[in-house]
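A structural walkthrough
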Amino acid sequence: MSEMARLGPWLITLIAVLMLLILGFLVAGVGDRVRNRTASADVLEMEREVLRALYDSAGGIFWVRQLNWFTDAPLQRWSGITIDTSGRITALRLPDNRLHGWIPKEIGALANLEMLDLSGGFIDYSVVSDSGSSVISVPADFRLSGFIPRTLGNLSKLRVLDLSKNELSGGIPHELGNLSNLEVLDLRSNKLRGEIPSELGNLRKLNTLHLSHPYFWTNSWTGCVPAALQEHLYLGESNLGDLSFCADDGQ
């Protein structure tokens, strides 16, 4: 019997084993892709649930702009929503939209969020006097209240956070110091109070900080602004009110 004839059964067995291994890898790959698609679908559904929580807690039925919310339209066609190529929410812009109620903690689950604008608005009135006419602005009737959720500190990609012109109370959560990509923080014209958390000094990309408004109801701050922010804030575009920067020792 030739050498090839003796090796024949072994070659057939080896080839069969190799084919089974290759088939197993292919099946596993398909399974992984299916699981990834399922996970993505779950994430997208979760983000819609976050939007539902915001709508319900912030008086969505009264919003001026709510086009396509909770319809079958894709998210990018919902008023104020921007998404990335994977369908994840990257921006939520609802300024001057008659939001009232509170900010739900669930919003901290929007992991790809880069911009969050839930600012209130002003109403302009014409005033006529002996010296002529002028226009004054007063705060709108619809404003968010309650505390700033600590879960906002989970939004690691956030670049802009605008919660101005509302009636938010309490203090600034220390967790906002985790927002390492934050560039703009606007908290003016609220009812916030207390010290500015030293953790905000960790925000190395922060260039614009609004803590007070010169005319309308304002926050009541104590202490000072973390000294580390002085290095990169655009002071001409920031409003710190009566606050000064802390000394290096935080005093």
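Refer to the structure above for everything that follows.
My aim in this report is to walk through the structure given alongside it, one point at a time. Each chain has its residues counted from 1, running along the sequence as written. Under the rules for a predicted model, residues below a pLDDT of 70 receive no local features and side-chain atom pairs below 80 are neither given nor counted, while totals for whole chains, interfaces and linings still include all residues. Side-chain measures here rest on the full set of heavy atoms in the structure, leaving out hydrogens and waters.

This part is about the sheet that holds strand β1 (residues 81–83). In this description, strands pair whenever DSSP reports at least two bridges between them. We count a stretch as a helix when DSSP gives it H or I for four or more residues in a row; a strand needs E for two or more, and each element gets its number in order from the N terminus. Strands sit in the order β1-β2-β3-β7-β9-β11 across an open sheet of six strands; the sheet is mixed. Looking at strand neighbours, the two that pair on one side only are β1 and β11 (208–210), the edges of this open sheet. This sheet shows a mean twist of 10 degrees between the axes of neighbouring strands, independent of strand direction. Inspection of the sheet shows strand β3 (residues 115–117) paired to strand β7 (residues 160–162) by three bridges, in the parallel sense. Across the sheet, D117 pairs through a bridge with D162, a residue of β7. To obtain each axis, a line is fitted to C-alpha atoms, and for helices this fit is confined to the stretch in contact; angles are then taken between N-to-C directions over 0 to 180 degrees.

Before going further, it helps to spend a moment on the sheet that holds strand β8 (residues 167–170). With parallel pairing, the four strands of this open sheet are ordered in space as β6-β8-β10-β12. One side of each edge strand has no neighbouring strand; the edge strands of this open sheet are β6 (145–146) and β12 (220–222).

Moving on, we come to the environment of R77. With respect to the element layout, R77 can be found in the loop between α1 (3–57) and β1. The exposed category is assigned to R77, whose relative accessible area is 52%. For the pair formed by R77 and L67, sequence separation is 10 residues and the distance between their alpha carbons is 7.8 Å. Note on contacts: a residue pair is in contact if any heavy atoms of the two residues lie within 4.5 Å. Residues in contact with R77, not counting those within four places in the same chain, are L67 and N68. Three labels apply to residues, based on accessible area from a 1.4 Å probe with only protein chains included: buried if under 20% of the type maximum, exposed if over 50%, partly exposed otherwise in between.

Moving on, we come to the state of the cysteines. What is meant by a disulfide is a covalent connection between two cysteines, made through their sulfur atoms. Any two cysteine sulfur atoms within 2.5 Å of one another count as a disulfide. Taken as a whole and judged by the stated rule, the model has one disulfide. Each disulfide pairs two cysteine sulfurs, and for C224 the partner residue is C246, the sulfurs being separated by 2.0 Å. Disulfide C224-C246: torsion about the S-S bond near 100 degrees, hence right-handed. Separated by 22 residues along the polypeptide, C224 in the segment after β12 and C246 in the segment after β12 bring together distant segments of the chain. C224 sits in the buried class, given a relative accessible area of 13%. The class of C246 is buried, set by a relative accessible area of 11%.

Let us now look at unusual backbone geometry. At N68, a residue that is not glycine, the phi angle is positive and equals roughly 70 degrees. By the secondary structure assignment, N68 is in the loop between α1 and β1. Of note in the backbone geometry, K165 takes a positive phi value of approximately 60 degrees without being a glycine.

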